[in-house]
Amino acid sequence: MEATTTLTLSSSPAIAARRSPVRATISQSHLRHCPVRTSRLHVAQSLASRPLSSGWRWRRRGSGLVVRAETFGQLTTGLESAWNKLRGVDVLTKETIVEPMRDIRRALLEADVSLPVVRRFVSSVSEKALGSDVIRGIRPEQQLVKIVHDELVQLMGGEVSDLVFAKTGPTVILLAGLQGVGKTTVCAKLAFYLKKLGKSCMLVAADVYRPAAIDQLTVLGEQVGVPVYSEGTTAKPAEITKNAMEEAKRNNIDAIVVDTAGRLQIDKTMMVELKEVKKSVNPTEILLVVDAMTGQEAAALVTTFNIEIGISGAILTKLDGDSRGGAALSVKEVSGKPIKFVGRGERMEDLELFYPDRMAQRVLGMGDVLSFVEKAQEVVRQEDTTELQKKIMSAKFDFNDFLKQTQNVAKMGSMSRVIGMIPGMNKVTPAQIREAEKRLAFVESMINAMTAEEKEKPELLAESRERRIRVAEESEKTEQEVSQLVAQLFQMRAQMKKLMGMMQGQEAIAGMGDLMDSLNADEKAPPGTARRRRRRSEPPRQRELDAVGGASRP
Ligand SMILES: Nc1nc2c(ncn2[C@@H]2O[C@H](COP(=O)(O)OP(=O)(O)OP(=O)(O)O)[C@@H](O)[C@H]2O)c(=O)[nH]1
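Every residue gets a number counted from 1 within its own chain, in the order that chain's sequence is written. Where totals are concerned, whole chains, interfaces and linings use all residues; where local detail is concerned, this predicted model gives features only for residues with pLDDT of at least 70, and gives and counts side-chain atom pairs only at 80 or more. Side-chain calculation: all heavy atoms of the structure are included, whereas hydrogens and water are not.

A.B. asks: Can you break down the pairing of strand S4 (residues 171-176) residue by residue, with the values?
C.D. replies: When accessible area is computed with a 1.4 Å probe and restricted to protein chains, residues below 20% of their type maximum are described as buried, those above 50% as exposed, and intermediate ones as partly exposed. Only DSSP runs of H or I with at least four residues qualify as helices, and only runs of E with at least two residues qualify as strands; both kinds are numbered from the N terminus onward. The buried fraction of S4 is high, at six of six residues. Residues Thr-171, Ile-173 and Leu-175 point to one face of S4 and Val-172, Leu-174 and Ala-176 to the other, with burial holding for every one of them. The sheet contact formed by S4 and strand S7 (residues 255-260) spans four bridges and is parallel. Residue pairing in the sheet places Thr-171 in a bridge with Ala-255 of S7. At least two DSSP bridges between two strands are needed for those strands to be called paired. Bridging between S4 and strand S8 (residues 285-291) involves four bridges; their strand directions are parallel. Note on S8: the bridge partner recorded for Ala-176 is Leu-288.

A.B. asks: How would you sum up helix H13 (residues 326-335)? Please name residues and give values.
C.D. replies: Of all 10 residues in H13, seven are buried; the element is thus mostly enclosed. Among the residues trailing H13, Gly-336 stands out with phi positive, at a value near 80°.

A.B. asks: Please give an account of the packing of aromatic side chains that cites residues and values.
C.D. replies: Centres within 6.5 Å make a pair out of two Phe, Tyr or Trp rings, where for Trp the six-membered ring is used; the pair is then stacked when the planes are under 30 degrees apart, edge-to-face when over 60, and tilted otherwise. Taken as a whole and assessed by the stated rule, the structure comprises one aromatic pair. Here the basic side chain of Lys-199 rests over the ring of Phe-165, its NZ or CZ set 4.5 Å away from the ring centre. Whether a charge sits over a ring comes down to the Lys NZ or Arg CZ being within 6 Å of the ring centre and within 35 degrees of the ring normal. If you follow Arg-358 out to its NZ or CZ, it ends over the ring of Tyr-355, 3.7 Å from the centre.

A.B. asks: Describe in detail the packing of helix H10 (residues 237-250) against helix H11 (residues 268-281), supporting the description with residues and values.
C.D. replies: When two helices pack together, their arrangement is given by the angle between the helix axes and by the axis-to-axis distance. Here an angle of 0 to 180 degrees is reported between the N-to-C directions of two axes, which are lines fitted to C-alpha atoms, with helices fitted over the stretch in contact. It is the contact of H10 with H11, at a shortest axis distance of 8 Å, that shows an interaxial angle of 25°. In this view, H10 runs roughly parallel relative to H11, as classed from their interaxial angle. When the axes of H10 and H11 are compared, the crossing they make is right-handed. On H11, the residues touching Pro-237, Ala-238, Thr-241, Lys-242 and Met-245 of H10 are Glu-273, Glu-276, Val-277, Ser-280 and Val-281. When an angle is under 35 degrees it counts as roughly parallel; over 145 it counts as roughly antiparallel; between 65 and 115 it counts as roughly perpendicular; any other value is oblique. In this scheme, a crossing is called left-handed if the near helix is turned counterclockwise away from the far one by less than a right angle; it is called right-handed if the turn is clockwise. In what follows, residue pairs with any heavy atoms lying within 4.5 Å of each other are defined as contacts.

A.B. asks: Describe the UniProt feature "domain: SRP54-type proteins GTP-binding" (unreviewed entry) in the chain, and please don't skip the residues or the numbers.
C.D. replies: UniProt positions are given in the numbering used here, feature names are shortened, and annotations may be inferred rather than shown by experiment. UniProt annotation of "domain: SRP54-type proteins GTP-binding" (unreviewed entry) refers to residues 338-351 when read in the numbering used here. Each end of residues 338-351 is marked by a C-alpha atom, and these two atoms are 16 Å apart; helix forms 0% of the span and strand 43%.

A.B. asks: Got a sec to walk through the environment of Lys-457? Specific residues and values, please.
C.D. replies: Looking at where Lys-457 falls in the secondary structure, it is placed in the loop between helix H20 (452-456) and helix H21 (458-463). Measuring from C-alpha to C-alpha, the distance between Lys-457 and Phe-397 comes to 9.3 Å, with 60 residues separating the pair along the chain.

A.B. asks: Give me the lowdown on unusual backbone geometry, citing residues and values where you can.
C.D. replies: Its identity is not glycine, yet Asp-112 carries a phi of approximately 70°, on the positive side. Within the secondary structure, Asp-112 is located in the loop between helix H5 (98-110) and helix H6 (115-131). With a phi close to 55°, Asn-252 is a non-glycine residue in the positive phi region. Position of Asn-252 relative to the elements: it lies in the loop between H10 and S7. For Asn-252, a relative accessible area of 65% corresponds to the exposed category.

A.B. asks: Could you give an account of the pattern of salt bridges, with specific residues and numbers?
C.D. replies: The salt bridge criterion pairs a side-chain nitrogen of Lys or Arg with a carboxyl oxygen of Asp or Glu, the two atoms within 4 Å. Under the definition given, this model contains 23 salt bridges. In this structure, Glu-99 engages Lys-85 in a salt bridge whose closest nitrogen and oxygen atoms are separated by 3.5 Å. With Glu-99 in helix H5 and Lys-85 in the loop between helix H4 (73-84) and H5, the pair connects residues that are 14 residues apart, well separated along the chain. In this structure, the salt-bridge partner of Glu-454 is Arg-470, at a minimum N-O distance of 2.7 Å. Taken together, the positions of Glu-454 in helix H20 and Arg-470 in helix H22 (residues 465-474) put the pair 16 residues apart, joining distant regions of the chain. Judged by relative accessible area, which is 24%, Arg-470 ranks as partly exposed. One network of salt bridges, with partners in common, ties together Lys-85, Glu-99, Arg-102, Asp-103 and Arg-106.

A.B. asks: A description of the nonpolar core should follow, citing residues and the corresponding values.
C.D. replies: We define a nonpolar core as any set of buried Ala, Val, Leu, Ile, Met, Phe, Trp, Tyr and Cys residues linked to one another through side-chain atoms lying within 4.5 Å. Among the nonpolar cores identified, the biggest contains 105 residues, and Ile-104, Leu-152, Leu-175, Leu-190 and Phe-305 are the most heavily contacted of them. Those domain boundaries reflect an automatic or database domain assignment. Here this core spans two domains, since at least three of its residues come from each of domain 1 (72-156) and domain 2 (171-354). Setting aside residues up to four positions removed in sequence, Leu-175 forms contacts with Lys-183, Val-186, Cys-187, Leu-190, Val-257, Val-258, Thr-260, Leu-287, Val-289 and Ile-315. Core analysis: the next-biggest nonpolar cluster, separate from the first, contains 22 residues, Met-393, Leu-461, Val-482 and Phe-490 among them.

A.B. asks: Can you explain the pairing of strand S10 (residues 339-343)? Please cite residues and give values.
C.D. replies: The buried count for S10 comes to five of five residues, which makes it a mostly enclosed element. By the bridge criterion, three bridges tie S10 to strand S11 (residues 351-353) in an arrangement that is antiparallel. Directly across from Phe-341, in S11, lies its bridge partner Leu-353.

A.B. asks: Go over the sheet that holds strand S9 (residues 313-317) with me, naming the residues and quoting the values.
C.D. replies: Pairing within the open sheet is mixed, and its eight strands lie in the order S6-S5-S7-S4-S8-S9-S10-S11. Each edge of the sheet is formed by a strand with only one pairing partner; in this case those strands are strand S6 (228-229) and S11. With three bridges connecting them, S9 and S10 associate as parallel partners. Within S10, the position partnered with Leu-316 by the bridge is Val-342. Sheet strands touched by helix H8 (residues 183-196): S4, strand S5 (201-206), S7, S8, S9, S10 and S11. Its angle to S7, the strand with the most contacts, is close to 170°. Each of S4, S8 and S9 is contacted by helix H12 (residues 296-308), which is oriented at about 155° to S8, the strand it contacts most.

Right under this line is the structure:
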């Protein structure tokens, strides 16, 4: 009997509104020989007897593998092998760039960038590499990285292409796209984005073929706090949109976002309908929503829609999935239309403007500091930061602060996304990210078992073994794990204060307080025996530092 794996096709909230998760058993051999992407969609489709959006998630039970590749991970690695070929080379010549350019070509093709685009890109980079002057102190591989970076930025449109707003009357944003790419979700995300800009917004349910689409839009509209205009499934989309426009004018609404029906593939009816809507309200923006995981196919779709109805740009969804980057790199070059936004998750805040330069940095594994700072500024209020700095400098950083910081990171997006924005962290593997997420949940469970006083005064836990035992019992952890957590907090206090002190030019603080000593002593001594006091200056036991996950050695 062939080994089988049970797949739980858990669905995302929006799909859950339409159908329950689907469970299936599939043979290992079937999974083994299918590339992940195909088997995921193949499995989903064979089970659900209809093509599903790639918004489904799947994971094998037991010792299975959580399938989640990193956006651009493969492309970044492929490009890196190009730079590595230039190690020891002193100047870029026709001969020395042959191998690196072959690597770049292969990396782009594997990222599902269309061949004509790859050919043009490689020839442009080669020309610039050979034409570039040797700059003193700049290594050839650094020169090539810079040339590739600039070419990637140009390939993706050069600069950000923001939403265009109507000069008078409501701005009309018409969304089109195939089934399941994320149009309805993007409608709500756009409303969320417009509200952040201080603009009033109304959603329009013009997808009259799927009653669930109207319900879904209504639910999402409530979630974002914007009205949803609909006339059910009997009226024509053009009529609905026209009436919605009148309603928006009456209520002085700044922008309306129109959700339209998706199809499995482009069909005449869909195009005729979109042309009628366009004629009835003359939209300010017609944006095609495409799934980043469809690679160069997305670029072809944008071209077709642009020829058929004329579009002003594209919105790339599911960039948080295992997209290889081909869509992001191909759309502008193939269709001539810019990507205006990217979706990086299912939450309403997971829609952001598309910055070609930042995307190029991520592709090159340089992180995305600007987005990181913007995200941090969105979730962390200035006064909280000032308050936090004071607490750090007075070594009063407590478990409430710890919890607040972890929650702020969570608000910035998934751990993999936050890490992806930090330069040099692109080497962090999905397994390490999952480990970090697990560790965070583990720590939060212990903190949540503490009393408000203990969170504010961790010294109480350091001084009282009974308290630590109670927290361990309530959080179903061991006393040792609670002790390690408390020890880590004191480590963090010292390191953060030292770091802050160095940044402000102050002297690093003296060693850890007695509390660490009493804590360490407890660890060693069997329960109930007297505590051994340690000298103040003695650094925390290496085991504590190791327990902090390899914290800096004394
Ligand atoms: N991971 C991820 N999922 C997304 C993103 N955008 C949308 N989704 C999910 O994709 C699935 C389909 O989204 P919908 O908005 O229903 O797609 P649609 O194009 O309106 O689908 P139809 O109404 O059938 O045409 C949902 O589960 C969404 O939560 C994204 O950026 N990342």
